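An overview of the molecular structure
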Number of protein chains: 2
Amino acid sequence: MELSDRKKRILTAVVESYIATAEPVGSKGLAGQIGCSSATIRNEMSELTAMGYLEQPHTSAGRIPSPAGYRLYVNELMERQKLSEAETAAINDKLTKKQQQIDQLMSEVGQLTSSMTQYPAYAMAVKPPAAIKRFDFIYVDANTFIVVALLTDNTVKNKLVHLPFSVHQEQVTTLSSLFNANFTGVTDSEITDSLIRSTERAAGDTYGLVAVVASFAMECLAAAKAAPLRVAGASQLLSQPEFRDPDKAHALMNFISDGSRLMSDLPAVAPEPNGLRVTIGPENLAEELKDSSVVMASYDAGDGMRGYIGVVGPTRMDYSSVAAKLSYIAAGLSRLLAGSDAPAGLDNKLVLKESERHE
Amino acid sequence: MELSDRKKRILTAVVESYIATAEPVGSKGLAGQIGCSSATIRNEMSELTAMGYLEQPHTSAGRIPSPAGYRLYVNELMERQKLSEAETAAINDKLTKKQQQIDQLMSEVGQLTSSMTQYPAYAMAVKPPAAIKRFDFIYVDANTFIVVALLTDNTVKNKLVHLPFSVHQEQVTTLSSLFNANFTGVTDSEITDSLIRSTERAAGDTYGLVAVVASFAMECLAAAKAAPLRVAGASQLLSQPEFRDPDKAHALMNFISDGSRLMSDLPAVAPEPNGLRVTIGPENLAEELKDSSVVMASYDAGDGMRGYIGVVGPTRMDYSSVAAKLSYIAAGLSRLLAGSDAPAGLDNKLVLKESERHE
DNA sequence: GCTAGCACTCTTTTATTCCGAGTGCTAATT
DNA sequence: AATTAGCACTCGGAATAAAAGAGTGCTAGC
């Protein structure tokens, strides 16, 4: 059933006032904004309550939005916000910095998101299964060589191998051709014991080194698969009045800080590529999030990699502003990481022009 | 002035009871433990108060230790604690895991420390100025090569360079000898514009690539200098009764989470190699820490690197247990990172035997 | 030098009252 | 038929008052 225009305006006003003040909203205050008497507002609010969009903490308090009310607000009522010039400038400035490591990038992005939104934020990246494209071996001295692996996602991993016995230059060369022949194009799960054993059989006098390099290869692929998750600004929670109760704050902060818990819950709210998703209160799967909301945006991190950034806050979150900021940051990241045709890891620069500002 | 034996026992009992319960300690409860009447205890406590070791929150409450009281307790009264078998096992288990990246190691160590002590913990590493020992260049294809740098601290850095124009194998070889001649043994501050310019003059047709590789070299050295600082378990604070006041909790958590703030304050409390240092309440420099205590241990991370782990908590911290745990973890890390003669970055394993357990 | 006893202090807890914001309903108005 | 004014009623929160309790400091006796 479609709401009357006036009901929509009232619901919007209630949501926005409650978001701003955290106080239940009474009929008198709204009368001015809506342009009719408080009695009329009362009637309307009473109906909105019956429909499930508003709730009353107790008989003689104002109304607050129910989860359904927030949902309606987010889906239909909320105005898309534009960021101010200062805000876009701050974001662009941060994103311009070159980043080498995906890990560190996630840290920075998390911090940026948190400081822009004033809520705890997280950033993560999901990678497609990788394989090793090529191996190189650098002979350093009789006891030392370096293995370098170039992965299909264009990251480069290396390892300094220090041996208790000595090797010749030629042995290292043998190793190189051995691994380039047997271990390239192989994914994580395809490195089996039998592959290692057959390589060892072909290894001749470099037999003893195969296991070392193979375990390095497995490490590389495992590291490439692991999705770094970074959480930033968890302490921001404490400035929200709904978390003045230290026990509540503690419970949620624990949940947020525990990467693995968060990780396992997030897929449920992951938005489609370049999308934005809001889950409100009880819509969240995790028990700890039933009184909180999550806003999450995804971006294209290039090379088939998908990145996510998100924000956790009370259901009374400033959805409009958070959505605008997340979208803008996510768009910036997509551009930074996938926008140019250079592989990740190079010094791509992002300069979003004013005209491209997210609307 | 030296305290009587009985005064020491009373002070110890007050400190330990207050650490355990967070409640001011009255004379009656102590009477049993000390073995004399409550009136005697009252007289003694009154003197301890006059001497500055105890404080009274208000006239009709028990006594709590003053910072000076904690100091005396930590310096002279506290018993060195032994860890339980389960605790040493848990620590050893965690430390056995091989770590490649210093960054990630700091994360893990921070989490371990926090979960063992139940306080927020941080871990950081301080590195000596590094230089590049040698460069290697791997030619991938006409537009792509990889630079690999082996640093004096035995870490290896790399970068995939993707070019908008094509290069020959020989040019890459030229680059290699060029950089090995001019940029090895050079520290951070010694890479000057004039060095880059003179290298460019010698570069012939690889002129345009010098800047790219030089900036990579600078990045490497800068990254090697930067001390990664990781904070873990900040939310543990909220379980401490002294932080039931959300504003206090917020202030301290902000401070703790802000790496740069923490970083600038820590040197003041850094203990000597393999030492342990406790700073209590007002002994801390940072205003935000005036009501908190910091326990910090250092370890030898090999290759001249020094590592620190520490714990932040209320002045009412369980010094004895925290000190024991930090020492044990720090000793384990020293052994893990510097104990074997293999360079950092290899798969050293740490297995502390029972007989070597920290006492 | 230690201890029992007691008056006194000061916080914490509990009970009670009061106040006001806000509602829901009814009757009057447009 | 929708809106508004008016009014009695509800209920949580602030304020006040009273009671309870824990602990001290002092004095006098052992």
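What you see is a predicted model, and the numbers here were worked out from it, not measured in a lab. (Residues numbered from 1 in each chain as written. Chains lettered and ligands numbered in written order. Predicted model: local features only at pLDDT ≥ 70, side-chain atom pairs only at ≥ 80, totals over all residues.)

**Description of the relation of the copies chain B and chain A**
One copy of the chain maps onto the second through a rotation around an axis plus a translation along that axis. If you rotate chain B by 180 degrees and push it 0.1 Å along the axis, it lands on chain A with an RMSD of 0.1 Å. Here the two chains are linked by the operation of a two-fold rotation axis. When each C-alpha of chain B is compared by its distance to the rotation axis, Pro 246 of chain B comes out closest, at 3.3 Å. By residue overlap, the copies meet face to face through one surface: 100% of the interface positions of chain B are interface positions in chain A. (Least-squares fit on C-alpha atoms with pLDDT ≥ 70 in both. Contact = placed C-beta atoms within 7 Å.)

**Regarding the protein's contact with DNA strand C**
Looking at DNA strand C, there are 19 residues lining it, with Gly 26 and Ser 27 of chain A together with Cys 36, Thr 40 and Ser 60 of chain B nearest. Broken down by secondary-structure element, the contributors of at least two residues to the surface near DNA strand C are α2 (27-34) and α3 (38-51) of chain A together with α3 (38-51) of chain B. Residue composition of the surface near DNA strand C, by class: five nonpolar, 11 polar and three charged. (Near = placed C-beta within 6 Å. Helix = DSSP H or I, 4+ residues; strand = E, 2+ residues; numbered from the N terminus. Nonpolar A, V, L, I, M, F, W, Y, C, P; charged D, E, K, R; others polar.)

**Describing the environment of Gln 118 of chain B**
Within the secondary structure, Gln 118 of chain B sits in the loop between α6 (102-117) and β3 (121-126). Expressed as a C-alpha distance, the spacing of Gln 118 of chain B and Leu 262 of chain B, which sit 144 residues apart in the sequence, is 19 Å.

**Quick look at the confidence of the model for chain A**
Residues with a pLDDT of 70 or more make up 92% of chain A, whose mean pLDDT is 85. Per-residue pLDDT stays below 50 along residues 340-359 of chain A; that stretch engages in 41 contacts with residues further than four places along the chain or on separate chains. (pLDDT = per-residue confidence, 0-100.)

**Quick notes on the sheet that holds strand β3 (residues 121-126) of chain A**
Hydrogen bonds along the backbone pair up the strands of a sheet, which may run parallel or antiparallel. All names here are of chain A. One open sheet holds the five strands; their spatial order is β7-β3-β10-β9-β8, and the pairing between them is antiparallel. Each end of this open sheet is capped by a strand with a single partner; those strands are β7 (229-232) and β8 (276-280). Between one strand axis and the next, the sheet turns by 15 degrees as a mean value, whatever way the strands run. Bridge analysis of strand β9 (residues 292-300) against strand β10 (residues 306-314) gives nine bridges, and the strand direction is antiparallel. (Pairing = 2+ DSSP bridges. Axes fitted to C-alpha atoms, helices over the stretch in contact; angles between N-to-C directions.)

**Some remarks on the interface of chain B and chain A**
Between chain B and chain A, the contact holds 30 residues from the first and 30 residues from the second. When contributions to the side of chain B that touches chain A are tallied by element, the ones reaching two or more residues are β4 (132-141), β5 (144-151), β6 (156-162) and α10 (246-257) of chain B. In terms of residue count, α10 of chain B provides more of the side of chain B that touches chain A than any other element does, six residues in total.

**Quick notes on the environment of Glu 287 of chain B**
Counting through the fold element by element, Glu 287 of chain B comes out in the loop between β8 (276-280) and β9 (292-300). A C-alpha to C-alpha distance of 27 Å links Glu 287 of chain B and Leu 11 of chain B, two positions 276 residues apart in sequence.

**A closer look at the environment of Arg 63 of chain A**
Residues and elements named next belong to chain A. As for its placement among the helices and strands, Arg 63 is situated in the loop between β1 (54-55) and β2 (64-65). On the neighbour-count criterion, Arg 63 (27 C-beta atoms within 10 Å) is buried. In this structure, Arg 63 is in contact with Val 14, Pro 24, Val 25, Met 45, Thr 49, Leu 54, Glu 55 and Gln 56, ignoring residues within four places of it in sequence. (Buried ≥ 20, exposed ≤ 12 C-beta atoms within 10 Å, placed from the backbone.)

**Observations regarding unusual backbone geometry**
The phi dihedral of Gln 118 of chain A falls on the positive side, at around 70 degrees, and the residue is not glycine. With a phi angle near 65 degrees, Ala 22 of chain B is a residue other than glycine that sits in the positive phi range. If you trace the backbone, Ala 22 of chain B turns up in the loop between α1 (5-21) and α2 (27-34).

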